[in-house]
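Letter by letter, the chains look like this.
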Amino acid sequence: MSLLIKNAVIVNADGEKKASQDILIKGSTIEKIGKDLSADGVKVVDASGKKVLPGFIDLHCHLREPGQEHKETIETGCRAAVKGGFTSLFCMPNTRPPIDNGMIVEGVIKEARRVGLANVYPVGAISKGQNSQEMVDMYEMKAAGCLALSDDGKAVNNSQLMLLALRYADMVGLLLMEHCQDPLISGKGVMNEGLTASVLGMRGDPGVSETVIVGRDIELANYVQARIHLSHISLKRSCELIRFAKSQGVRVTAEACPHHFTLTDEAVKGFDPNTKVNPPLRTADDVEAIKAALADGTLDCVSTDHAPHTLEDKEEGFDHAPFGISGFETAFGLCVTHLVRTKVLTLAGLVDKMCQSPARIAGLKNKGRIEEGADADLVIVDTEAEWEVRKEDFVSKGKNSPFFGWKLHGLVEKTICGGKVVFER
Ligand code: DOR
Ligand code: ZN
């Protein structure tokens, strides 16, 4: 199966090509890029008036399989992902049971291959049962196909275990990712601690629950000279710590999610459980700092933290509802509208955050760039198109979005993964 994309304005992380070109795909590889290409017996896709970007790579999402298929399955999650332009997904291990052994890793990979829509990389747990007590067998996880480990959903609260895990992960060649939130400090907090929480009479989760883990992990990584990736950073203070660590040569990378640079804790005022997320929505000052940190490279990439829940789960009332936002289908629109159109990033800069940087961090050699020889994971987008986020249009089982009714710019028209058209509008 071959594909020829005509009239493509290609945008890579290092810039947008002035003139349009054609992209010839053979099998799952980009074979040739040039002017007026032609080939026999190929499917032709016309990209006139649109832009062609590398497929988005999400370092942080929840697909809920195994065990919580009522919230999402690998199949429904992948459908939502490719609709959002994502072709590579790192799915978190807080499934039931958790992804903490090779057999479950293999099961997820096998099911994702059967679905055949996107590249799915299961992120294994760091500790067995995600209990912060005993480390998983890292060799087994790596052999089964893991590229990264995290206890996401919660932090590794055992510092000694984290120290050992950093050492071992570096030896085995696995990336450790941290969910930065000290559980004993967060306690039963349901939103950001501060004025809004006080006014609403809600239990607050203070920002220091995040920064204490950010600071600890930076120190541990520095001590053992290992890599650490910090997930869904939400605070100005965290950005300051990461910026300082990077200036000192610590091997730290970090990401931000769209809800943390588009919403503040004031969004909780309507008591919409879809604004309940971990880490919580913060202040306007934090939102500005996250954007500045994306712009100056302190934050390396954008991830979704796609966390689907059922309406029934979310209707428990704000106090009891689970944390999480269904994020695949709004991520690109939120980034174009709130980062690119506001000139925080250029479109090429966004491609760095959503494609090239995550590929580099995860060690995906042939992804994140459109060039000859690279994997044929591409997305055709209309950056100008305006659309409204509507619940009826969500294909994820998770309809838990605080963005319904929002008008966004930037629409995914077609997604191509491994040379196959996996989504078209
Ligand atoms: O909001 C969140 N939801 N944050 C997390 O860390 C976990 C996630 C989930 O699994 O629902
Ligand atoms: Zn998390």
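### A word on the overall build of the protein chain
(1) Moving on: In terms of helices and strands, the protein chain carries 13 helices and 19 strands.
(2) Moving on: The C-alpha radius of gyration of the protein chain comes to 20 Å, within 12% of the 22 Å expected for a compact globule of 425 residues.
(3) Moving on: Taking the principal axes of the C-alpha coordinates as reference, the protein chain spans close to 65 × 45 × 45 Å.
(4) Moving on: Of the roughly 16200 Å² that the protein chain leaves accessible, carbon and sulfur atoms contribute 49%.
(5) Moving on: Across the protein chain, the centroid of the 50 positively charged side chains sits 3 Å from that of the 58 negatively charged ones.

### Points about the site of ligand 1
(1) Moving on: Taken together, 13 residues sit near ligand 1, with Arg64, Asn94, His179, Asn278 and His309 positioned nearest.
(2) Moving on: Residue Asn94 places a side-chain N or O atom 2.8 Å away from an oxygen atom belonging to ligand 1.
(3) Moving on: Take His309: an N or O atom from its side chain is 3.0 Å from an oxygen atom of ligand 1.
(4) Moving on: Across the complex, the protein chains shield 93% of the 290 Å² of accessible surface that ligand 1 would expose by itself.
(5) Moving on: Here the residues of the shell around ligand 1 are counted per class, giving 3 nonpolar, 7 polar and 3 charged.

### With respect to the sheet that holds strand S16 (residues 301-302)
(1) Moving on: Sheet architecture is open: 5 strands sit in the order S10-S11-S14-S15-S16, paired in parallel fashion. Bordering the open sheet on either side are strand S10 (148-150) and S16, each of which pairs with just one other strand.
(2) Moving on: Running over the sheet, helix H4 (residues 159-172) touches strand S11 (175-178) and strand S14 (228-230) and is turned about 150° from S11.

### Points about the coordination of the zinc ion (ligand 2)
(1) Moving on: Within the protein, Asp152 (OD), His179 (ND1) and His232 (NE2) serve as the donor atoms for the zinc ion (ligand 2), at 2.0 to 2.2 Å.
(2) Moving on: Each of the 4 donor atoms bound to the zinc ion (ligand 2) contributes to angles spanning 78 to 128°, and the resulting shape is irregular.
(3) Moving on: Each donor residue of the zinc ion (ligand 2) belongs to the same chain, with the gaps between them written as D-x26-H-x52-H. Here Asp152 is found in the loop between S10 and H4, whereas its partner His232 is found in the loop between S14 and helix H8 (236-247), with 80 residues between them in sequence.
(4) Moving on: Owing to a relative accessible area of 2%, Asp152 belongs among the buried residues under this scheme.
(5) Moving on: Taking relative accessible area as the criterion, His232 reaches 1% and is therefore assigned buried.

### Quick notes on the packing of aromatic side chains
(1) Moving on: Overall, the coordinates contain 6 aromatic pairs when judged by the stated rule.
(2) Moving on: Measuring from centroid to centroid gives 5.1 Å for Phe56 and Phe332, while their planes differ by 25°, and the two rings are stacked. Here Phe56 is found in strand S7 (residues 56-61), whereas its partner Phe332 is found in helix H12 (residues 331-340), with 276 residues between them in sequence.
(3) Moving on: For Phe56, a relative accessible area of 1% puts it in the buried group.
(4) Moving on: Judged by relative accessible area, Phe332 falls into the buried class, the value being 2%.
(5) Moving on: Plain terms: the ring middles of Phe403 and Trp406 are 4.8 Å apart, the flat faces sit at 85° to each other, and that makes the pair edge-to-face.
(6) Moving on: Here Phe403 falls in the buried class, since its relative accessible area comes to 1%.
(7) Moving on: You can call Trp406 partly exposed: its relative accessible area is 24%.
(8) Moving on: Of note, Lys276 hangs over the ring of Phe323, and the distance from its end group to the ring centre comes to 4.7 Å.

### Concerning the packing of H4 against helix H7 (residues 208-224)
(1) Moving on: Contact geometry for H4 and H7: axes closest at 10 Å, N-to-C directions at 45°. On the basis of the axis angle, H4 is oblique to H7. As H4 packs across H7, the resulting crossing turns out to be right-handed. Mapping the contact onto sequence places Ser159, Met162, Leu163, Leu166 and Arg167 in H4 and Arg216, Asp217, Leu220, Ala221, Tyr223 and Val224 in H7.
(2) Moving on: Tallied by class, residues from the contact of H4 with H7 come to 7 nonpolar, 1 polar and 3 charged.

So, how was this worked out
- Residues numbered from 1 in each chain as written.
- Chains lettered and ligands numbered in written order.
- Predicted model: local features only at pLDDT ≥ 70, side-chain atom pairs only at ≥ 80, totals over all residues.
- Heavy atoms only, no water.
- Helix = DSSP H or I, 4+ residues; strand = E, 2+ residues; numbered from the N terminus.
- Rg over C-alpha atoms; globule rule 2.2 N^0.38 Å.
- Areas by Shrake-Rupley, 256 points an atom, 1.4 Å probe, with all protein chains shown as cover.
- Lys, Arg positive; Asp, Glu negative; His and termini not counted.
- Charge placed at Lys NZ, Arg CZ, Asp CG, Glu CD.
- Near = heavy atom within 4 Å.
- Polar contact = N/O pair within 3.5 Å; in protein donor to acceptor, adjacent residues only side chain to side chain.
- Nonpolar A, V, L, I, M, F, W, Y, C, P; charged D, E, K, R; others polar.
- Pairing = 2+ DSSP bridges.
- Contact = heavy atoms within 4.5 Å.
- Axes fitted to C-alpha atoms, helices over the stretch in contact; angles between N-to-C directions.
- Donors = N, O, S within 2.8 Å, 3.2 Å for Na, K, Ca; no water.
- Tetrahedral: all angles 85-135°; square planar, octahedral: opposite > 155°, others 65-115°.
- Buried < 20%, exposed > 50% of the residue type's maximum accessible area, 1.4 Å probe, protein only.
- Phe/Tyr/Trp six-rings, centres within 6.5 Å; stacked < 30°, edge-to-face > 60°.
- Lys NZ or Arg CZ within 6 Å of the ring centre and 35° of its normal.
- Parallel < 35°, antiparallel > 145°, perpendicular 65-115°, else oblique.
- Left-handed = near helix turned anticlockwise from the far one by under 90°.

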